[in-house]
Amino acid sequence: MKLVSKSLADQVYDLVKEQILSGKIPCGSKISEDSLATQFGVSRTPIREALKRLSAYGIIQMEPRSHSSVISLSEKESQDIATFRIYLEDYAIDHIDPKSFNDNLETICRHASDCQYALGVGNRAKAFELDSLFHISLIRTCDNSALIDVYERLDAKIQLLRIAQNAPNEALLGYLMQHMALVELIKNSKTEEAKKLMYNHILHEEDQEVKS
């Protein structure tokens, strides 16, 4: 696959990120600069730059003078990320600013529908990225800059958690469809129901009571 202008590093970044988020490059896999250079028909310079960006994003780990590898989450790390994410999303739901929510409702709903479309056409990686945009857009409506900053920094780990959960497409579509249900509950000020659904949504559980 030969690459054409834009920035070569940008293109490599986008393509390798898509391969990781889609599971084509599994968690824990080593990434060879030489193999990528051969695959994309470019020198190692844009490959190295792209890998540095992926490392900064948080989904690969670069070893000095060695190799890069896709980060793999342990079961404990996955549980920690999911639990912390629930706290953040619960706080956001409790502190949503109604005006900000209404002003951004069109964008939030578009991300929700685009998630389902991306999965429907077989682009699982794009569906995951749009899933993140939905949740980040929702978080931003609570107008808390510290929360937004923490959540955005956590996003790469959330992406890895989605990969680790490895939900089949049929089940994943069901979880993505919960986005609009969350929006409707928030619109109707059904805060506790929205938080319960968010709990189930994040943990991929059904009819699970919110734990205290």
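Quick note: structure is the one above.
Given the structure is predicted, the values throughout are model-derived calculations rather than measurements.

**Things to note about the overall build of the chain**
Across its full length, the chain carries 10 helices and 3 strands. Scanning the chain from its N terminus toward the C terminus, one meets helices and strands in the order α-β-α-α-β-β-α-α-α-α-α-α-α. Its C-alpha atoms give the chain a radius of gyration of 18 Å, within 12% of the compact-globule value 17 Å for 212 residues. Each of the three principal axes of the chain carries a C-alpha extent, and together these read 55 × 35 × 35 Å. The buried share of the chain, taken over its 212 residues, is 45%. Summarising the internal contacts of the chain: among those between residues at least 6 apart in sequence, 67% fall at separations of at least 24. Total accessible area computed for the chain in this model is approximately 11,300 Å², and 49% of it derives from carbon and sulfur atoms. Charge separation in the chain, taken as the distance between the mean sites of 25 positive and 31 negative side-chain charges, equals 7 Å.

**Here we look at the packing of helix H2 (residues 33–40) against helix H3 (residues 44–57)**
In contact at an axis separation of 9 Å, H2 and H3 are set at 115 degrees when each is read in the N-to-C sense. Here the hand of the crossing between H2 and H3 comes out right-handed. Between H2 and H3, the contacting residues are Glu33, Asp34, Leu36, Ala37 and Phe40 on the first element and Arg44, Ile47, Arg48 and Leu51 on the second. Residue composition of the contact of H2 with H3, grouped by class: 5 nonpolar, no polar and 4 charged.

**As for the side chain of Arg162**
Note on placement: Arg162 falls in helix H8 (residues 145–165). Side chain to side chain, Arg162 and Asp131 meet in a polar contact 3.1 Å long. Those residues in contact with Arg162 that lie beyond four places of it in its chain are Arg85, Phe128, Asp131, Ser132 and His135.

**A look at the packing of aromatic side chains**
In this structure the tally under the stated criterion is 0 aromatic pairs. Over the ring of Tyr13 we find Arg53; its NZ or CZ atom is 3.9 Å from the centre of that ring.

**Observations regarding the nonpolar core**
One finds Val16, Ile20, Ile47, Phe101 and Leu138 to be the most contacted residues of the largest nonpolar core, which totals 65 residues. Beyond its immediate sequence surroundings of up to four residues, Ile20 is in contact with Ile25, Ile31, Ile59, Ile60, Val70 and Ile163.

What counts, and where the lines are drawn
- Residues numbered from 1 in each chain as written.
- Predicted model: local features only at pLDDT ≥ 70, side-chain atom pairs only at ≥ 80, totals over all residues.
- Heavy atoms only, no water.
- Helix = DSSP H or I, 4+ residues; strand = E, 2+ residues; numbered from the N terminus.
- Rg over C-alpha atoms; globule rule 2.2 N^0.38 Å.
- Buried < 20%, exposed > 50% of the residue type's maximum accessible area, 1.4 Å probe, protein only.
- Contact = heavy atoms within 4.5 Å.
- Areas by Shrake-Rupley, 256 points an atom, 1.4 Å probe, with all protein chains shown as cover.
- Lys, Arg positive; Asp, Glu negative; His and termini not counted.
- Charge placed at Lys NZ, Arg CZ, Asp CG, Glu CD.
- Axes fitted to C-alpha atoms, helices over the stretch in contact; angles between N-to-C directions.
- Left-handed = near helix turned anticlockwise from the far one by under 90°.
- Nonpolar A, V, L, I, M, F, W, Y, C, P; charged D, E, K, R; others polar.
- Polar contact = N/O pair within 3.5 Å; in protein donor to acceptor, adjacent residues only side chain to side chain.
- Phe/Tyr/Trp six-rings, centres within 6.5 Å; stacked < 30°, edge-to-face > 60°.
- Lys NZ or Arg CZ within 6 Å of the ring centre and 35° of its normal.
- Core = buried A, V, L, I, M, F, W, Y, C linked by side-chain atoms within 4.5 Å.

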